[in-house]
Amino acid sequence: VSYPSIVGEMLASGFSIIGFSWICSPACTELEVVVMDWLAKFLNLPQHFLHESEGTGGGVIQGSASEAVLVAVLAAREQAVRSQQSKRPELSESEIRGKLIAYSSDQSNSCIEKAGVLAAMPVKLLPAGEDLVLRGDALEQAIERDIAAGLIPVICIATLGTTGTCAYDDIESLATVCERHGVWLHVDAAYGGAAFALEECAELRRGLDRVDSINFNLHKFMLVNFDCAAMWLRDANKVIDSFNVDRIYLKHKHEGQTQIPDFRHWQIPLGRRFRALKVWITFRTLGAEGLRAHIRKHIQLAAQFEQLVKSDERFEMVAPRALGLVCFRAKGDNEITSQLLQRL
Ligand code: PLP
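On a predicted model such as this, the values are computed, not experimentally measured, just so you know.

1. Things to note about the site of the ligand
The environment of the ligand is formed by S64, A65, S66, N109, C111, G161, T163, D188, A190, N217, H219 and K220. In this structure, A65 approaches the ligand through a main-chain N or O atom, which is 2.8 Å from an oxygen atom. With respect to the ligand, the side chain of K220 contributes an N or O atom lying 3.4 Å from an oxygen atom. Here the ligand loses 81% of its free accessible area of 400 Å² to cover by the protein chains. For the shell around the ligand, the elements supplying multiple residues, two or more each, are α3 (65–87) and α8 (218–221). A breakdown of the residues in the shell around the ligand according to their chemical character gives three nonpolar, seven polar and two charged.

Below, the structure written as structure tokens:
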């Protein structure tokens, strides 16, 4: 966390805004639009994720990666139900809902499986390769098997930077399979997404132009305090259509205008905090270069720690170093590593 972010949080707390629609606090909504576009540019995300782009894409700040994933899963589910209703009118809505299925890797974060529980849609955890990376062939096999069994594939949640080893799933091959089967592709880049900001890590962004949605936590690597989870959608209308529930007391005369979204349709709660303020202050104070320097410093610290591990014959690496993560163990029985972990 950084002092600018803490100040932003204090100001937001003092203003006590509950900005569920634009009319509640135009600054709350409009600053979020601004900082989400800044952040998308900082991370070198495809143009179509920006509010300022021609299309229907855009970004929103959620409370956590778990919420962002759940929003993607729920929206994909509702889109799938609607499309199946028109394609297969012989099936009732509950029959369709009972056939829906989602996919992720056995290395994905617990929040992916939890999103499936909350959305009442099973998430199949597919085997990652020996390098702990999920690839399109594993997804293709699972989808073909499930279609043959009468199931309806809805969404694949890939991870860029897994929790265990910071492995990056192969988005290009997963996207090819998802496009073939009309499956939503979401990317959980909660931690690893920070690398997208660095030119030397450009390779890790491969395939992002083909995904439907992505989440990235500023409260992990970007000096912004919890809670602050960015989420971008290629077509925000898919989420808005799925979650739009209106009441007379929620209406205002600027509704539906571009550049002034009502973010209540993009999330689970109605009310929302002025999180954009701490992002804005952090960016304005530290600058994009300052934030990049911070990420690079952590990568360099990890490289230094890796050298310490490698030069000590009591320890060994269990996965390649990735960003700020070094996975190592004590040689010999696992009990030694367990004890070391307890002591640490
Ligand atoms: N996804 C990944 C890859 C993570 O590493 C984590 C947390 O460690 C999460 C999701 C969950 O994040 P949150 O606490 O913001 O829901």
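There's more to say after this.
2. Digging into the sheet that holds strand β1 (residues 58–62)
As summarised here, the arrangement of the seven strands in space is β1-β7-β6-β5-β4-β2-β3, forming an open sheet in which the pairing is mixed. Edge positions in the sheet fall to β1 and β3 (123–126), since each has one partner strand and no second. Geometrically, the sheet is characterised by an average inter-axis angle of 20° between neighbouring strands, direction not taken into account. Bridging between β1 and strand β7 (residues 229–233) involves five bridges; their strand directions are antiparallel. Bridge pairing links V60 to M231 in β7. Its contacts with the sheet put helix α7 (residues 171–181) on β4 (152–159) and β5 (184–188), and the angle it makes with β5 is roughly 155°.

3. Some thoughts on the packing of aromatic side chains
Per the stated rule, a full pass over the model turns up six aromatic pairs. Ring plane angle 90° and centroid distance 5.4 Å describe the contact between F42 and F283, whose orientation is recorded as edge-to-face. Taken as a pair, F42 in helix α2 (residues 26–42) and F283 in helix α10 (residues 276–310) lie far apart in primary sequence, 241 residues in all. Taking relative accessible area as the criterion, F283 reaches 11% and is therefore assigned buried. Centroid distance F315 to F328: 5.7 Å. Interplanar angle 85°. Geometry classified as edge-to-face. Separated by 13 residues along the polypeptide, F315 in strand β8 (residues 315–317) and F328 in strand β9 (residues 328–330) bring together distant segments of the chain.

4. Quick word on the pattern of salt bridges
In total, this model carries 25 salt bridges according to the counting rule given. When the shortest N-O distance is used, the salt bridge between R205 and E199 registers 3.8 Å. Residue classification places R205 among the buried residues on the basis of a relative accessible area of 17%. Measuring nitrogen to oxygen at the nearest pair gives 3.1 Å for the salt bridge that ties K310 to E306. Remark: E306 and K310 occur in helix α10; sequence separation between them is four residues, near one turn of the helix. Through salt bridges with shared partners, a single ionic network connects E9, D227, R273, R275 and K278.

5. Description of the domain arrangement of the protein chain
What the domain assignment reports for the protein chain is domain 1 (3–286) and domain 2 (289–343). With centres defined by C-alpha atoms, the gap from domain 1 to domain 2 works out at 30 Å. Carbon and sulfur atoms make up 74% of the surface buried where domain 1 meets domain 2, a total of about 1,500 Å² over both sides. Together, F42, L198 and F221 form the three largest contributors to the area buried by domain 1 at its contact with domain 2, with a combined 35%. In this assembly, domain 1 and domain 2 are joined by one salt bridge. Here E200 and R296 are joined by a salt bridge, their closest N and O atoms 2.6 Å apart. The tally of links from domain 1 across to domain 2 stands at four residue pairs in polar contact (both at pLDDT 80 or more). Among the elements that take part in the side of domain 1 that touches domain 2, α10 stands out by supplying three residues, more than any other. For the side of domain 1 that touches domain 2, the class distribution of residues is 13 nonpolar, five polar and two charged.

6. Points about the packing of α3 against helix α9 (residues 236–243)
Between α3 and α9, whose axes approach to 9 Å, the crossing angle comes to 80°. Comparing the axis directions of α3 and α9 gives the class roughly perpendicular. Touching V71, L74, A75, E78, Q79 and R82 of α3 are K238, V239, D241, S242 and F243, all from α9. Partitioning the contact of α3 with α9 into residue classes produces five nonpolar, two polar and four charged.

7. Focus: the UniProt feature "modified residue: N6-(pyridoxal phosphate)lysine" (unreviewed entry) in the protein chain
As recorded in UniProt, the feature "modified residue: N6-(pyridoxal phosphate)lysine" (unreviewed entry) lies at K220. For K220, the location among the structural elements is in helix α8. For K220, a relative accessible area of 45% corresponds to the partly exposed category. In this structure K220 touches A190 and Y191, once residues within four positions along its chain are discounted.

Parameters and conventions
- Residues numbered from 1 in each chain as written.
- Predicted model: local features only at pLDDT ≥ 70, side-chain atom pairs only at ≥ 80, totals over all residues.
- Heavy atoms only, no water.
- Near = heavy atom within 4 Å.
- Polar contact = N/O pair within 3.5 Å; in protein donor to acceptor, adjacent residues only side chain to side chain.
- Areas by Shrake-Rupley, 256 points an atom, 1.4 Å probe, with all protein chains shown as cover.
- Helix = DSSP H or I, 4+ residues; strand = E, 2+ residues; numbered from the N terminus.
- Nonpolar A, V, L, I, M, F, W, Y, C, P; charged D, E, K, R; others polar.
- Pairing = 2+ DSSP bridges.
- Axes fitted to C-alpha atoms, helices over the stretch in contact; angles between N-to-C directions.
- Contact = heavy atoms within 4.5 Å.
- Phe/Tyr/Trp six-rings, centres within 6.5 Å; stacked < 30°, edge-to-face > 60°.
- Buried < 20%, exposed > 50% of the residue type's maximum accessible area, 1.4 Å probe, protein only.
- Salt bridge = Lys/Arg side-chain N within 4 Å of Asp/Glu carboxyl O.
- Domains from an automatic or database assignment.
- Buried area = accessible area lost by both parts, 1.4 Å probe.
- Parallel < 35°, antiparallel > 145°, perpendicular 65-115°, else oblique.
- UniProt positions renumbered as here; feature names shortened; annotations may be inferred.

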